[in-house]
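Below, each chain spelled out in residue letters.
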Amino acid sequence: MDFGFTEEQERLRKKVREFFQEELPEDYDWGGGAETAEEGQAFMRELQKKTAKQGYLTSGWPKEYDGMGLGYVEQGIVDEEFGYAGISWPSQLGLHLAAPAVFLFGTEEQKKKFIPPLARGEAVWFEAFTEPEAGSDEANQQTRAVQDGDYFILNGQKTFISGIYKPDFLYTLARTADTVPKHRGISLFLIPADLPGITYRALPSMGGGTQNDIFFDNVKVHKEYLLGELNRGFYHAMATFEFERTGTAFPGRVKRGLEEFIQFCKEEKRNGKPLIEDPEVRKLLAEMAVEAEIWKLMAWKAVWWFGNREELGPMPFDLSGMCNKQLTTAQSEKMSKILGIYGQLRQGSKWAKHEGRVERGWRSTRSLHAAGTLEIYKYVIARRGLGLPRIPAKLNAVIAQALDEKK
Ligand SMILES: Cc1cc2nc3c(=O)[nH]c(=O)nc-3n(C[C@H](O)[C@H](O)[C@H](O)COP(=O)(O)OP(=O)(O)OC[C@H]3O[C@@H](n4cnc5c(N)ncnc54)[C@H](O)[C@@H]3O)c2cc1C
């Protein structure tokens, strides 16, 4: 693996960084939260369209589908700059999850229908997989899709589905056959989000974002919205999860966060001295720098894997996703430690330090379930990475019982 970037790649990075320096207002709240207010949402939608016009939104997509046709490394650079600028796109899940699935399993008609609005930065997608009884156990989908002529009739509920913007499409799973094993009777659907019978209920969460309950009540979905093979949706979904769990945007954001936090520690005084003169602060900052570097390397390792997957095959497990989950918490704890009691104060308090970002960051680490829990990541690493046998059915039953008792 060689992480040296060519001059051309460095030029691309510079261009993207300059684009955001020009487009983002000086007081842009890069740490997140800017888009929670209505005007912030409108701004992000416009910025998304402008970024699409530059081609950056779809830098790695083929040219015939409105992409720039760049390689994985270039796409990694552009994504890292998105993170460094502190941006989470309204169509994040469409770009990074639904689109790869359409490219892999979609018909030509589906590609023509779904890809261009994403490439223009217009379409917002929700990933509607989780149900009250189908979280880690994704195969336990209870939402039903019953075929009726050219249509499927959907009934069921999805929960904890992320999204503050009004969605245009849902990327969702539903049971289409009662089979043993259960994951062989599930299909993947791309559903217009405003079909009659779909209702939404917001679940504001402590992390600052919003999740939603989504209800399907006799929703009529044309069969043209079935993605891939009937009853093979679970496999299709699993194949595309790695697009959701990898990426360089997160470490880009962490780099920016650390740079600004170090600057804060240089300027902030305690007992008359800058924080950086405190040996304990210096030690914690050094640890954070090492963590950020590990995070970045793992993310770039995944990019390298994607670029060489014809020889290497699918990634056996994903360490960068694991870093996102584990190191987010570690970094947040260290920042809280450095700030002491001031780390608990919210943005808006006149005594809050570093614009209340540490408190906000801490809250967001409480909701790391998105895209799978840390325990499941470890489970996958143990199985695929270490080649350990599956957990015997008896032990699985004990875990299930323990989870039931926790409820
Ligand atoms: C902020 C946030 C955003 C989200 N966004 C989305 C979204 O956009 N789309 C979507 O579809 N879903 C979304 N989710 C849902 C998320 O994917 C699920 O919460 C997650 O998959 C876990 O499922 P669960 O909550 O049902 O927990 P459960 O599966 O009930 O697990 C409960 C606990 O038991 C542990 N556990 C479960 N099984 C095992 C096992 N076999 N071995 C060891 N430990 C185990 C889990 O790790 C967890 O700690 C989001 C959740 C959050 C919190």
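Residues numbered from 1 in each chain as written. Predicted model: local features only at pLDDT ≥ 70, side-chain atom pairs only at ≥ 80, totals over all residues. Heavy atoms only, no water.

Asker: Got a minute to help me understand the overall build of the chain in this structure?
Answerer: If you tally the helices and strands in the chain, you get 13 helices and 10 strands. By the compact-globule yardstick of 22 Å for 407 residues, the chain fits well, its C-alpha radius of gyration being 22 Å. Considered along the principal axes of its C-alpha atoms, the chain spans approximately 75 × 50 × 45 Å. Within the chain, buried positions represent 45% of all 407 residues. Long-range pairs, those at least 24 residues apart, make up 72% of the contacts in the chain with a sequence separation of at least 6. Looking at the chain as shown, the accessible area adds up to about 21,300 Å², and 53% of this sits on carbon and sulfur atoms. Here the chain contributes 54 positive and 58 negative side-chain charges, whose respective centroids are spaced 4 Å apart. (Helix = DSSP H or I, 4+ residues; strand = E, 2+ residues; numbered from the N terminus. Rg over C-alpha atoms; globule rule 2.2 N^0.38 Å. Buried < 20%, exposed > 50% of the residue type's maximum accessible area, 1.4 Å probe, protein only. Contact = heavy atoms within 4.5 Å. Areas by Shrake-Rupley, 256 points an atom, 1.4 Å probe, with all protein chains shown as cover. Lys, Arg positive; Asp, Glu negative; His and termini not counted. Charge placed at Lys NZ, Arg CZ, Asp CG, Glu CD.)

Asker: So what exactly am I meant to see when it comes to the pattern of salt bridges here?
Answerer: Where charged atoms of side chains with opposite charge meet at close range, the side chains can pair. One pass over the full model with this rule turns up 25 salt bridges. Close ionic contact of Arg 13 with Glu 81 constitutes a salt bridge, the shortest N to O distance being 2.8 Å. Pair noted here: Arg 13 is in helix α1 (residues 7–23) and Glu 81 is in helix α3 (residues 72–85), with a separation of 68 residues, a long-range link. An identical accessibility class is assigned to Arg 13 and Glu 81; each is buried. With its nearest N and O atoms 3.3 Å apart, the salt bridge here joins Glu 18 to Lys 14. Placement of the pair is Glu 18 and Lys 14 together in helix α1, with a separation of 4 residues, close to one helical turn. (Salt bridge = Lys/Arg side-chain N within 4 Å of Asp/Glu carboxyl O.)

Asker: When you look at the packing of helix α8 (residues 279–307) against helix α10 (residues 319–339) in this model, what are you seeing that I'm missing?
Answerer: Describing two packed helices takes the angle between their axes plus the distance from one axis to the other. Remark: α8 packs on α10, axes separated minimally by 10 Å, with the N-to-C direction vectors making an angle of 165°. In this view, α8 runs roughly antiparallel relative to α10, as classed from their interaxial angle. Where α8 crosses over α10, the handedness of that crossing is left-handed. The residue inventory of the contact of α8 with α10, partitioned by class, reads 16 nonpolar, 4 polar and 5 charged. (Axes fitted to C-alpha atoms, helices over the stretch in contact; angles between N-to-C directions. Parallel < 35°, antiparallel > 145°, perpendicular 65-115°, else oblique. Left-handed = near helix turned anticlockwise from the far one by under 90°. Nonpolar A, V, L, I, M, F, W, Y, C, P; charged D, E, K, R; others polar.)

Asker: Just to check I follow, could you spell out the site of the ligand for this structure?
Answerer: Around the ligand sit 16 residues in total, of which Glu 127, Thr 130, Ser 136, Thr 373 and Glu 375 are the nearest. Residue Phe 129 places a main-chain N or O atom 3.0 Å away from an oxygen atom belonging to the ligand. Between the ligand and the protein, one listed contact pairs a nitrogen atom with a side-chain N or O atom of Thr 130 at 2.6 Å. The fraction of the free accessible surface of the ligand (970 Å²) that becomes covered by protein chains is 78%. Those elements that provide at least two residues to the shell around the ligand are β3 (151–162) and α12 (374–385). Sort the elements by how many residues they give to the shell around the ligand and β3 lands first, with 3 residues. Here the shell around the ligand is composed, by residue class, of 6 nonpolar, 8 polar and 2 charged. (Near = heavy atom within 4 Å. Polar contact = N/O pair within 3.5 Å; in protein donor to acceptor, adjacent residues only side chain to side chain.)

Asker: Help me out: how do you make sense of the packing of helix α7 (residues 249–267) against α10 in this one?
Answerer: Across the interface, α7 lies against α10 with an axial gap of 12 Å and an inter-helix angle of 10°. By the angle between their axes, α7 is roughly parallel relative to α10. Residues Phe 250, Val 254, Gly 257, Phe 261, Phe 264 and Cys 265 of α7 touch α10, and the partners they reach there are Asn 324, Thr 328, Gln 331, Met 335, Ile 338 and Leu 339. Its residues assigned to classes, the contact of α7 with α10 shows 8 nonpolar, 4 polar and no charged.

Asker: Would you mind showing me how to read unusual backbone geometry here?
Answerer: Going from Val 180 to Pro 181, the amide bond is cis rather than trans, its omega being 0°. Assignment of secondary structure puts Pro 181 in the loop between β4 (169–175) and β5 (186–192). A positive phi angle, close to 50°, is found at His 354, a residue other than glycine. With respect to the helices and strands, the residue His 354 is situated in the loop between α10 and α11 (357–364). The buried category is assigned to His 354, whose relative accessible area is 12%.

Asker: Please explain a nonpolar patch on the surface as it appears in this structure.
Answerer: The grouping of Leu 395, Val 398, Ile 399 and Leu 403 at the surface amounts to a nonpolar patch, some 330 Å² of accessible area in total. If you trace the backbone, Leu 403 turns up in helix α13 (residues 393–406). A residue is classified by how much of its surface remains accessible, and Leu 403, at 45% relative accessible area, is partly exposed. (Patch = residues over 30% accessible without salt bridge, like charges linked within 9 Å, V, L, I, M, F, W, Y side chains within 5 Å.)

Asker: Which parts of the structure should I look at to understand the pairing of strand β1 (residues 125–128)?
Answerer: Regular strands have side chains that alternate between both faces of the sheet. Of the two faces of β1, both are covered, the one formed by Trp 125 and Glu 127 as well as the one formed by Phe 126 and Ala 128. Looking at chain direction, β1 and β4 are connected through 4 bridges and run parallel. Following the sheet pairing, Phe 126 is matched in β4 by Leu 170. (Pairing = 2+ DSSP bridges.)

Asker: Please explain the environment of Ser 136 as it appears in this structure.
Answerer: Structurally, Ser 136 can be placed in the loop between β1 and β2 (144–148). For Ser 136, a relative accessible area of 53% corresponds to the exposed category. Ser 136 sits 237 residues away from Thr 373 along the chain, and the two C-alpha atoms are 7.4 Å apart.

Asker: Please clarify how the packing of aromatic side chains should be interpreted in this entry.
Answerer: Remark: the centre distance and the inter-plane angle together describe each pair of aromatic rings, the angle taken between the planes. Under the criterion given, the structure shown has 21 aromatic pairs. Judged by centre distance (5.1 Å) and plane angle (85°), the ring pair of Phe 114 and Phe 169 falls under edge-to-face. Residue Phe 114 is found in helix α5 (residues 108–119), and its partner Phe 169 is found in strand β4; the two are separated by 55 residues along the sequence. A single burial state applies to Phe 114 and to Phe 169, both of which are buried. Following the ring pairs from residue to residue traces out a cluster consisting of Phe 19, Phe 20, Tyr 56, Phe 82 and Trp 89. One residue, Arg 245, lies across the ring of Phe 241, its end atom 4.7 Å from the ring centre. Between Lys 325 and the ring centre of Tyr 377, over which it is positioned, the NZ or CZ distance is 5.2 Å. (Phe/Tyr/Trp six-rings, centres within 6.5 Å; stacked < 30°, edge-to-face > 60°. Lys NZ or Arg CZ within 6 Å of the ring centre and 35° of its normal.)

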